[in-house]
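Fold and geometry: a report
Here are the chains, one letter per residue:
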Amino acid sequence: MADQFRNQINTARRAGYSDDELIGYLKDKDPRVTEALTQGYKPNEILEYLAPALSMGEEAVRKIGVGMRGVTESLAPVTAGAAAGATAGALLGAPTGLGAPIGALAGGLAVPVTDALVMGYNRLADSNVRLPSQVISSMIPGLRAETPVERVVQSSAGALGGTLGSVGGGRAIIDAARSAPGLQSPVAQGTLAIGQEAARRPIGQLIAAPVATATGQTVTELTDNPLAGLAAGVATGSAMGLRPVQRGKVPTAEELLAQSKANYEILDKSGFQLDNTLFKQHMASLPAKLRADVGYVESVNPKVAGAFKELLSDAPKDVAEITALRKIIGGAAGSADKSERMAAMKLLDEFDTYVLNAPPSAIISGDAKAMNAWKAARADYAKVKKSELIEDIVARAEVSQGGKEPTIAQGLSALAKNDRKMRFFTADEQEAIREAAKGGNLQSMLRTIGKFSPMTPAAAIFTAVNPYGAYTAAAGMAAKELSTARRMQQVNALSNRMRLGQPPAVIEGVGANVPTFAARSIVNNLAPQDTGNAQFNFLSGQ
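In this report, the structure presented in the accompanying data block is examined. Note that the coordinates shown come from a computational prediction; the quantities given were computed from them, not determined experimentally.

Of all the residues in helix H13 (residues 276-284), the buried ones are Asn276, Phe279 and Met283. Across the axial projection of H13, the buried residues extend over an arc of 60°, all falling on one side. Facing away from the buried surface of H13 by more than 90 degrees, the exposed residues are Thr277 and Gln281. Here the buried face of H13 lies against strand S2 (273-274), helix H14 (286-294), helix H15 (302-311), strand S3 (317-318), helix H16 (319-333) and helix H17 (338-356).

Structure follows, in structure tokens:
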């Protein structure tokens, strides 16, 4: 009885009744109160004796109980929905195991949506129909939230429970659909899509739900405006749904080299060989073409002339010989002499064009599969070498005595100006390298602000004499780090592009998860929570 009296007193305190109001009521009910007042005891002293305030430990236990109540209230309709769904699914012949998760998902959504509809009806009809959530709450025993903090705890815990039920229902739908036959109808596929959306980024949803709901409830408490609370909760949940752009998988250099090696082995085992007569006829026509196109002269370009001698030899043009010939031409293409380099590069293009596009009549051994394997092997190897040119820039910057960001910028600029290396890249790739070397306006701005970092003597002096020097230094250091991070993003994107052979496809944009997170926040913040305006009726105990 004493505990019940103490609970009533503390509940009245939480509802806003002052000690004087409580004593004014109790003095007519309990002669001990009148006697204590006569003896000079103050109202707070009397109440502290009759009903001591809760200790910190008791307050913690109470808040845990309030939180558990929120979870219980949110999971009750999920559990009921699962049971009803399982029964209905069995009666209607739904695929095994699919009725319960559909019911759980529907049950979790039904109560807040119905609450919103009933509240709208009450407002329009000036009625006072009890909300479904209030009916469910009245059936659950235990502690109830009575203060703003407790209402935040209960609502956020309820959001966690409701989201857990929703995500669990979505996962169960996906699992049941994978194992159940006959899900090819549009309705079944639509149900599966709903389950996939409900279970999207489950950990993220479980983190965002209580945070967004606590934010919404806090704003409601502070403003006494549920719409403001709803807006704040949805905005918070939507923001937490943002994530970096998701792009397609990019193969690693090791994976590309393994693919290239496997394709070379396929080619080698095929016994691929070109008709030497046709090969020599084509190659014999190239000196005149090179002379007309790039001014090739045998006596002036001895390395290219030596390559032609090997091309016109009687050696069988099998895989080993073709590979060796390409290396010989490639060696000439690395000449320091510009005219010879141009002639060799032109010859290399002609050589690759003939070999990779040789007509069936020019192939005396091997098949199209072998040719495709060789093309793939060459392409994969080229991708690795291109990405290495980009990654070498970062590797040099890591050990540079200067700053990492300017060293990377210098490396990209040097690559963009190196005609010999740039010839390895396609026109689109060359343009991407040039753009990365420039860095853009944001990069330039960050680099300029970064110069105020006290890492230089001038910046250190400026920091010391300027009254705002500490703020300037902090801004400079932050800008320097951001500039470096931005530059690393650029070179990583370039490296990925080289290994993939094209810009990675965007699978999901930055806001792909926002609709699900926003919808979940709306559902969680629809649950009505009193803002404490209705005082506890101490006389009736309600």
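Structure shown, so let's carry the discussion forward.
Time to look at the packing of aromatic side chains. Inspection of the entire model under this criterion finds three aromatic pairs. Centre to centre, the rings of Phe279 and Tyr354 are 5.8 Å apart; their planes meet at 70°, and the pair counts as edge-to-face. Of this pair, Phe279 sits in helix H13 while Tyr354 sits in helix H17; the two residues are 75 residues apart in sequence, bridging distant segments of the chain. For the pair Phe279 and Tyr354, one class covers both residues: buried. With centroids separated by 5.6 Å and ring planes inclined at 50°, the aromatic side chains of Tyr296 and Phe308 adopt a geometry described as tilted. Of this pair, Tyr296 sits in the loop between H14 and H15 while Phe308 sits in helix H15, and the two are twelve residues apart along the sequence. Residue classification places Tyr296 among the buried positions, given a relative accessible area of 6%. Given the relative accessible area of 5%, Phe308 is considered buried. In textbook terms, an aromatic cluster arises when at least three aromatic residues are bridged by ring pairs, as seen for Phe279, Phe351 and Tyr354.

Let us look at the nonpolar core. The biggest cluster of nonpolar side chains holds 32 residues, and the ones touching the most others in it are Phe279, Val304, Leu311, Leu347 and Phe351. Elements with a contribution of two residues or more to this core: H13, H14, H15, H16, H17 and helix H18 (368-398). In terms of residue count, H17 provides more of this core than any other element does, eight residues in total. Setting aside chain neighbours within four positions, we find Val304 in contact with Leu290, Tyr296, Ala332, Glu340, Ala343, Ala344 and Leu347. Grouped together as the second largest cluster of nonpolar side chains are 18 residues, Val394, Ala397, Ile433 and Met488 included.

Here the focus is the side chain of Thr163. By secondary structure assignment, the location of Thr163 is in helix H8 (residues 148-179). Polar contacts involving the side chain of Thr163 include one to the main-chain carbonyl oxygen of Ala159, which spans 2.7 Å. Dropping the residues within four chain positions of it, Thr163 is found in contact with Gln205, Leu206, Ala209, Arg520 and Asn524.

With that settled, the discussion passes to the pattern of salt bridges. Evaluation of the coordinates by the stated rule reveals 15 salt bridges. For Lys280, the salt bridge identified is with Asp314, shortest N-O distance 2.5 Å. Taken as a pair, Lys280 in helix H13 and Asp314 in the loop between H15 and S3 lie far apart in primary sequence, 34 residues in all. Residue class for Asp314 comes out exposed when judged on its relative accessible area of 62%. Among the charged side chains, a network of salt bridges with common partners joins Lys289, Asp293, Lys346 and Glu350.

What follows deals with unusual backbone geometry. For Arg201, which is not glycine, the phi torsion reads 40° and is therefore positive. Counting through the fold element by element, Arg201 comes out in the loop between helix H9 (186-198) and helix H10 (202-223). Residue classification places Arg201 among the partly exposed positions, given a relative accessible area of 29%. In this structure, Asp224 takes a positive phi of about 55° despite not being glycine. With respect to the secondary-structure elements, Asp224 resides in the loop between H10 and helix H11 (226-240). Judged by its relative accessible area of 43%, Asp224 falls in the partly exposed class.

So, how was this worked out
- Residues numbered from 1 in each chain as written.
- Predicted model: local features only at pLDDT ≥ 70, side-chain atom pairs only at ≥ 80, totals over all residues.
- Heavy atoms only, no water.
- Buried < 20%, exposed > 50% of the residue type's maximum accessible area, 1.4 Å probe, protein only.
- Helix = DSSP H or I, 4+ residues; strand = E, 2+ residues; numbered from the N terminus.
- Arc of directions from axis to C-beta.
- Contact = heavy atoms within 4.5 Å.
- Phe/Tyr/Trp six-rings, centres within 6.5 Å; stacked < 30°, edge-to-face > 60°.
- Core = buried A, V, L, I, M, F, W, Y, C linked by side-chain atoms within 4.5 Å.
- Polar contact = N/O pair within 3.5 Å; in protein donor to acceptor, adjacent residues only side chain to side chain.
- Salt bridge = Lys/Arg side-chain N within 4 Å of Asp/Glu carboxyl O.

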